[in-house]
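# Geometric and topological summary
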There are 2 protein chains.
Amino acid sequence: MLLARTPEPPYTAVIFSSTRTDGDHGYAAMAAEMERLAAQQPGYLGIEAARDEHIAVTVSYWRDEAAARDWKHVAAHVVAQRRGREHWYTDYRVRIATVHRQYAMSDSPDFV
Amino acid sequence: MLLARTPEPPYTAVIFSSTRTDGDHGYAAMAAEMERLAAQQPGYLGIEAARDEHIAVTVSYWRDEAAARDWKHVAAHVVAQRRGREHWYTDYRVRIATVHRQYAMSDSPDFV
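In this report, we go over the structure that sits alongside the text. On a predicted model such as this, the values are computed, not experimentally measured, just so you know.

Regarding its fold elements, chain A presents three helices and four strands. Start at the N end of chain A and walk to the C end: the helices and strands fall as β-α-β-β-α-α-β. Overall, chain A is about 45 × 30 × 20 Å in size when its C-alpha atoms are taken along their principal axes. Every one of the 112 residues in chain A was classed for burial, and the buried ones make up 29%.

Written out as structure tokens, the structure reads:
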């Protein structure tokens with residue numbers, strides 16, 4: 001399941017966009033482990049992540065901002081954040097947003 | 001510039017996540033043209049897009065929801081949306097959100 005099956009809005013989206021250093025340096029394994037851990041957090045609704053050679057964009061969805069904040073403070077995730085700043089990222093942005101509307105391809109009037 | 005230099009929140013984020021059909025079918029050229037056109041729209045603040053073999057996640061940032069809606073209705077973009085449903089996407093989600101907090105790697109207490 002690559003696209004998240006989120007419930008009716010409102011809910012919280014955390015948009016994490018980053019540029020990377022060259023090479024993997026254990027990044028892929030840590031990213032997979034963080035996705036696995038996030039999915040066990042209370043209030044987790046889903047995640048969508050794409051990475052190419054230039055940039056990674058990961059959006060995680062949460063029941064509310066408190067659930068997103070709890071995930072930010074989970075110990076293993078804090079370690080990953082620090083390692084990220086030291087080894088993996090040349091820059092990143094985190095944006096916390098409230099989703100208030102959504103639609104899917106199947107909602108389109110010309111969808112067959 | 002791969003990461004968007006967005007102003008102080010609040011502003012609007014449009015999170016567009018999609019899964020793709022195999023092959024390009026003119027997708028890359030159209031995506032580049034849409035990014036070029038979007039940047040000319042009033043209220044455009046930036047875009048962050050990553051694509052891998054499984055999924056594409058594109059987040060565009062707008063001054064407000066009206067600016068995002070205007071872009072949705074620009075004629076060339078409407079054509080691209082229809083072609084997308086016909087040729088490129090196996091599924092997609094669009095989520096409209098209000099960003100109310102942001103920070104960057106350089107804001108971290110252990111950033112050196």
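Our next topic: the relation of the copies chain A and chain B. The operation relating chain A to chain B is a screw motion whose rotation component is 180°, with 0.0 Å of axial translation and a residual RMSD of 0.0 Å. Such a combination of rotation and displacement between the chain copies is what one expects of a two-fold axis. A share of 100% of the interface residues of chain A reappears at the interface of chain B, consistent with the copies meeting face to face through the same patch.

Attention now moves to unusual backbone geometry. Residues and elements named next belong to chain A. Backbone torsion omega between proline 9 and proline 10 reads 5°, so that peptide bond is classified as cis. Among the structural elements, proline 10 can be located in the segment before strand S1 (11–20). At histidine 25, a residue that is not glycine, the phi angle is positive and equals roughly 50°. By the element assignment, histidine 25 lies in the loop between S1 and helix H1 (27–38).

If you look at the biggest cluster of nonpolar residues, it comprises 34 residues, and the most contacted ones within it are Ala13 and Val57 of chain A together with Ala13 and Val57 of chain B. Discounting chain neighbours no more than four positions away, the residues touching valine 57 of chain A are Ser17 and Ala50 of chain A together with Glu48, Ala49, Ala50, Val57 and Val59 of chain B.

Moving on, we come to the packing of helix H1 (residues 27–38) of chain B against helix H3 (residues 75–88) of chain B. Residues and elements named next belong to chain B. The N-to-C vectors of H1 and H3 enclose an angle of 155°; their axes lie 11 Å apart at closest approach. In terms of orientation, H1 and H3 fall into the roughly antiparallel class. For the pair H1 and H3, the crossing hand works out as left-handed. Contacts between H1 and H3 involve Tyr27, Met30, Met34 and Leu37 on the former and, on the latter, Ala76, His77, Ala80, Arg83 and Trp88. The residue inventory of the contact of H1 with H3, partitioned by class, reads seven nonpolar, one polar and one charged.

Between chain A and chain B, the contact holds 37 residues from the first and 37 residues from the second. For the side of chain A that touches chain B, the secondary structure elements donating two or more residues are S1, strand S2 (44–51), strand S3 (55–62), helix H3 (75–88) and strand S4 (89–104) of chain A. A total of 15 residues in the side of chain A that touches chain B trace back to one element, the largest contributor, which is S4 of chain A. Grouping the amino acids of the side of chain A that touches chain B by side-chain chemistry returns 20 nonpolar, seven polar and ten charged.

This paragraph deals with the environment of histidine 54 of chain A. Along the polypeptide, histidine 54 of chain A turns up in the loop between S2 and S3. Leave out the neighbours within four places in its chain, and histidine 54 of chain A touches Thr19 of chain A together with Leu2 of chain B.

On to the sheet that holds strand S2 (residues 44–51) of chain B. The antiparallel open sheet is built from eight strands, whose spatial order is S2(A)-S3(A)-S1(A)-S4(A)-S4(B)-S1(B)-S3(B)-S2(B). Pairing within the sheet leaves two strands with one partner each, and these edge strands are S2 of chain A together with S2 of chain B. Neighbouring strand axes in the sheet, compared pairwise and without regard to direction, differ in orientation by 25° on average. As paired elements, S2 of chain B and strand S3 (residues 55–62) of chain B share seven bridges and run antiparallel to each other. Paired with isoleucine 47 of chain B across the strands is serine 60 of chain B, a residue of S3 of chain B.

Conventions we followed
- Residues numbered from 1 in each chain as written.
- Chains lettered and ligands numbered in written order.
- Predicted model: local features only at pLDDT ≥ 70, side-chain atom pairs only at ≥ 80, totals over all residues.
- Helix = DSSP H or I, 4+ residues; strand = E, 2+ residues; numbered from the N terminus.
- Buried ≥ 20, exposed ≤ 12 C-beta atoms within 10 Å, placed from the backbone.
- Least-squares fit on C-alpha atoms with pLDDT ≥ 70 in both.
- Contact = placed C-beta atoms within 7 Å.
- Core = buried A, V, L, I, M, F, W, Y, C linked by C-beta atoms within 7 Å.
- Axes fitted to C-alpha atoms, helices over the stretch in contact; angles between N-to-C directions.
- Parallel < 35°, antiparallel > 145°, perpendicular 65-115°, else oblique.
- Left-handed = near helix turned anticlockwise from the far one by under 90°.
- Nonpolar A, V, L, I, M, F, W, Y, C, P; charged D, E, K, R; others polar.
- Pairing = 2+ DSSP bridges.

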